[in-house]
Structure formats: structure tokens, C-alpha cells
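# What the coordinates show
Letter by letter, the chains look like this.
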Amino acid sequence: MLNRQALSFVGAVGAVFLIATQADAHARVVASTPAASATVNSTRSISVTFSERVAPAFSGLDLVGASGSEIAVTSSVSADGKTITGQTARPLSAGAYTVNWRAASADGHRMTGNFTFTVR
Ligand SMILES: [Cu+2]
């Protein structure tokens, strides 16, 4: 009996925790261009789209080539506040790239993440 009560208590705490976590949900990545792990034709534009607005002052992305060298990008945030775009000066040459993004959502949480893509 005690064990059953203990288990249901644990279950109740777990449910409350889950609800609290969902209520606190903040911006997350919903899409990117190129898509993560994709192989694409040469491009000058990389974008990451979030589920919610991000704070432009704390949001942007860096691009790193296969040799580890950083490629200059000009970052901007779309008018709806949900998409970070990085433009390169020239079309990317063939090879592997890593995108490192950073963003702060409206609730103040700062996030970072990365994904890779390949230019054919
Ligand atoms: Cu948050």
C-alpha cells in the first residue's frame, strides 16, 4: 500500500514537472536552410527559423568551413523576429560547413546550437 502511494506521488510530481516544463517552453529551432545534414548547391544565404521571436541583439550565426576557418557572414533577423539569416559575400565553394547559431528568446533564455551541411 505504501509503495503504491509512493508511486502515485512520484507520478503526480512527474506530471506537474511536465506541465511546468511545457508552460516554460521557449524558442526552439523549427527549420533551417540549408536543412541540417543536407547537401545543396552553392548558396550565399543560411537561415535558422525558431518557433518564437528571438531578440535580435543576442541572435546571430557564424559559419565555419571544413578547414576550421570562419567565413564572414552578415547576420540579420527577419521582420517577424523568428528567422536569423546569414549572408556571405560570395557563393560558398564545395565542401562541408558548420553553422553555429545563438539566440535569446523573449523569456530571456539564451540558446546556442549548430548543424552541418555540405555544398556539392
Ligand atoms: Cu525559455
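Attention in this report is confined to the structure presented alongside it. For clarity, every value in this text was computed on a predicted model and none was experimentally measured. (Residues numbered from 1 in each chain as written. Predicted model: local features only at pLDDT ≥ 70, side-chain atom pairs only at ≥ 80, totals over all residues. Heavy atoms only, no water.)

Relative to the helices and strands, Ser 32 resides in strand 1 (residues 29-33). The class of Ser 32 is buried, set by a relative accessible area of 19%. Of the polar contacts made by the side chain of Ser 32, one reaches the backbone oxygen of Pro 34; its length is 2.8 Å. Setting aside residues no more than four positions away along its own chain, Ser 32 makes contact with Ser 47, Val 48 and Phe 115. (Helix = DSSP H or I, 4+ residues; strand = E, 2+ residues; numbered from the N terminus. Buried < 20%, exposed > 50% of the residue type's maximum accessible area, 1.4 Å probe, protein only. Polar contact = N/O pair within 3.5 Å; in protein donor to acceptor, adjacent residues only side chain to side chain. Contact = heavy atoms within 4.5 Å.)

Quick look at the pattern of salt bridges now. Applying the stated rule across the entire model yields 1 salt bridge. Here Asp 62 ties to Arg 102 by a salt bridge, and the two come within 3.4 Å at their closest N and O atoms. One end of the pair, Asp 62, is in strand 4 (residues 60-65); the other, Arg 102, is in strand 8 (residues 95-104), and 40 residues separate them in sequence. For Arg 102, a relative accessible area of 36% gives the class partly exposed. (Salt bridge = Lys/Arg side-chain N within 4 Å of Asp/Glu carboxyl O.)

This part covers the nonpolar core. Inside soluble globular proteins, nonpolar side chains tend to come together where they are buried. Counting 19 residues, the largest nonpolar core has Ile 46, Phe 50, Trp 101 and Phe 117 as its most contacted members. Elements represented by at least two residues in this core include exactly strand 3 (45-50), strand 4, strand 8 and strand 9 (110-119). Apart from residues no more than four positions distant in its own chain, Phe 117 is found in contact with Pro 34, Ala 35, Ala 38, Val 40, Ile 46, Leu 63, Leu 92, Gly 95, Ala 96, Tyr 97 and Val 99. (Core = buried A, V, L, I, M, F, W, Y, C linked by side-chain atoms within 4.5 Å.)

With the rule as written, the count across this model stands at 2 aromatic pairs. Taking 5.5 Å as the distance between ring centres and 20 degrees as the angle between the ring planes, the aromatic pair formed by Tyr 97 and Phe 117 counts as stacked. Residue Tyr 97 is located in strand 8, and its partner Phe 117 is located in strand 9; the two are separated by 20 residues in the primary sequence. The two residues Tyr 97 and Phe 117 agree in class, both being buried. (Phe/Tyr/Trp six-rings, centres within 6.5 Å; stacked < 30°, edge-to-face > 60°.)

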